[in-house]
Amino acid sequence: MLTGPLFMLQVYDRVLTSGSVPTLVALFGLVATLYIFLGLFDFIRTKALSRAGYRLDVELSALTKKAWIFSGLTSGNDRPINDLSTIRQFLCSNGLPALFDLPWVPVYLTIVYLLHVWLGLLATAGAIIVIVATLINELITKTPIREATSWGLQDAQFAEGSNRNAEAVIAMGMVGKVTQHWQALRHKALGQTQLAGARSEFITALTKAVRMLVQSGMLALGAYLAIYQEITPGTMIAASILGGRALAPVDLAVGNWKNFIRARQARSKLSAMLASNDNGQALVKLPDPKGYVSVSDLLKFAPDANISSSKHKPILQGIHFELEPGDGLGVIGPSASGKSSLVRLLVGLWMPDKGSVRLDGATYNQWDLDVAGKHIGYLPQNVELLAGTIRQNIARFDDSVSDEEVVAAAQLAGVHDLILNLPNGYSTDL
């Protein structure tokens with residue numbers, strides 16, 4: 001990065017004064033070699049960051065998807081996959097290299113001081129202005145960016161929900177009102193995005209103007225010092241270039257600050273979600289369950305309730321019973337009496353706030369739910385088949401399940417003939 005200004009310094013102070021062509025050729029050969037290495041190192045850094053971003057996605061995507069699925073048991077408002085994509089995109093952009101270049105600013109300023117103290121003071125003043133502007137940019141854009149992300153998430157969720165329930169929306173004459181509500185959510189997201197962008201764009205323009213002003217100011221100051229022979233003309237040019245070089249990383253960082261804030265907020269949310277779905281314990285593989293179920297002193301509040309608040313009453317309290325393999329139990333009661341909540345606790349979707357639900361003597365936090373779930377049948381109130389073929393849905397997306405097992409399951413459920421009448425049978429896409 002110092003090659004340009006130093007080459008300019010040598011050309012003005014050595015080549016032009018001596019008229020030596022061999023010196024010029026030697027210097028240019030050295031410059032060409034250095035720029036080749038600069039390009040090589042820049043390529044390596046960019047490629048390394050790109051690979052790091054994709055590796056992060058590969059290593060965390062499965063954990064993130066599982067966390068997202070479990071978040072659907074409660075509110076399901078967060079989209080950690082989007083957060084992971086935001087982090088990966090930032091790693092692969094030029095925003096992170098800009099942050100890596102910031103620590104070199106003092107080095108450039110020190111070299112300017114070595115050329116002349118006045119030039120160093122002017123460059124330092126410009127750097128301070130730009131750094132202060134960067135801090136201001138952080139303060140004035142952080143909240144609008146967070147709000148824009150939140151409203152954008154609500155906008156996307158409402159759009160997905162309205163599309164998923166298109167039949168009801170159209171049949172009940174709700175298209176206009178649903179569209180208006182979606183537009184209101186979208187306008188709030190766009191408004192906050194525009195607010196953050198406008199503030200960031202103002203700071204970016206300011207820092208760019210300051211950088212160019214300082215660079216020209218250093219040229220003017222250098223010319224003044226050269227007139228009084230305190231520095232050489234080559235020093236004047238080199239100092240101007242170095243001043244611009246010292247402020248360039250800050251300028252670039254300010255331009256990418258909005259993306260940096262988004263990536264930092266995404267990382268915080270993603271870390272919190274992954275931590276909430278990690279009990280920190282390695283599960284011991286248990287034998288296949290036989291079907292002994294015991295419920296003891298069961299207490300459960302609504303998942304999003306503030307348990308410490310006296311306003312919230314438990315939805316289930318004081319439940320006791322045991323079931324042997326082969327037993328059947330029916331639960332009847334009015335709406336909102338806790339039937340579905342009890343079922344969610346019995347299959348491990350929810351954890352009790354007090355008491356225990358045990359399958360073959362083990363609570364569900366001791367079971368690998370993918371293992372226990374193979375032995376559990378569950379039919380929720382709202383059912384949607386997943387995007388894929390009929391065969392994949394019947395096989396629970398398990399590639400190890402054979403065609404014979406899939407057909408046998410369909411025959412047992414009485415839908416084999418129905419499936420055969422579909423356009424592509426078991427390979428029909430849903």
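Parameters at a glance
Residues numbered from 1 in each chain as written. Predicted model: local features only at pLDDT ≥ 70, side-chain atom pairs only at ≥ 80, totals over all residues. Heavy atoms only, no water. Core = buried A, V, L, I, M, F, W, Y, C linked by side-chain atoms within 4.5 Å. Buried < 20%, exposed > 50% of the residue type's maximum accessible area, 1.4 Å probe, protein only. Helix = DSSP H or I, 4+ residues; strand = E, 2+ residues; numbered from the N terminus. Contact = heavy atoms within 4.5 Å. Axes fitted to C-alpha atoms, helices over the stretch in contact; angles between N-to-C directions. Parallel < 35°, antiparallel > 145°, perpendicular 65-115°, else oblique. Nonpolar A, V, L, I, M, F, W, Y, C, P; charged D, E, K, R; others polar. Salt bridge = Lys/Arg side-chain N within 4 Å of Asp/Glu carboxyl O.

A. Representation of the nonpolar core in the model. L109, V112, L119 and M218 are the most contacted members of the largest nonpolar core, which totals 24 residues. Among the secondary structure elements, those contributing two or more residues to this core are α5 (105-115), α6 (117-164), α8 (175-227) and α9 (233-255). With sequence-adjacent residues up to four places away left out, L119 is seen in contact with V112, M218, L221, G222, L225, I231 and A239. Counting residues in each nonpolar core, the second largest holds 19 residues, with L49, L91, L96 and I261 among its members.

B. Representation of the packing of α6 against α8 within the structure. Running from N to C, α6 and α8 point in directions that differ by 170 degrees, and their axes come no closer than 8 Å. As summarised for this structure, α6 and α8 are arranged roughly antiparallel, according to the angle between their axes. For the contact of α6 with α8, the class distribution of residues is 29 nonpolar, 13 polar and 5 charged.

C. A look at the pattern of salt bridges. With the rule as written, the count across this model stands at 9 salt bridges. In this structure, the salt-bridge partner of E59 is R55, at a minimum N-O distance of 2.8 Å. Taken as a pair, E59 and R55 lie in helix α2 (residues 21-71) at a separation of 4 residues, close to a single helical turn. Look at R55 and you get exposed, because its relative accessible area is 57%. Two residues, D403 and R391, come together in a salt bridge whose shortest N-O distance is 2.7 Å. Placement of D403 in helix α14 (residues 403-413) and of R391 in helix α13 (residues 390-394) is noted, with a sequence separation of 12 residues between them. With a relative accessible area of 46%, D403 lands in the partly exposed category. Overlapping salt bridges, with partners in common, bring together D42, R45 and D101 in one network.

Coordinates in, geometry out; function isn't part of it.
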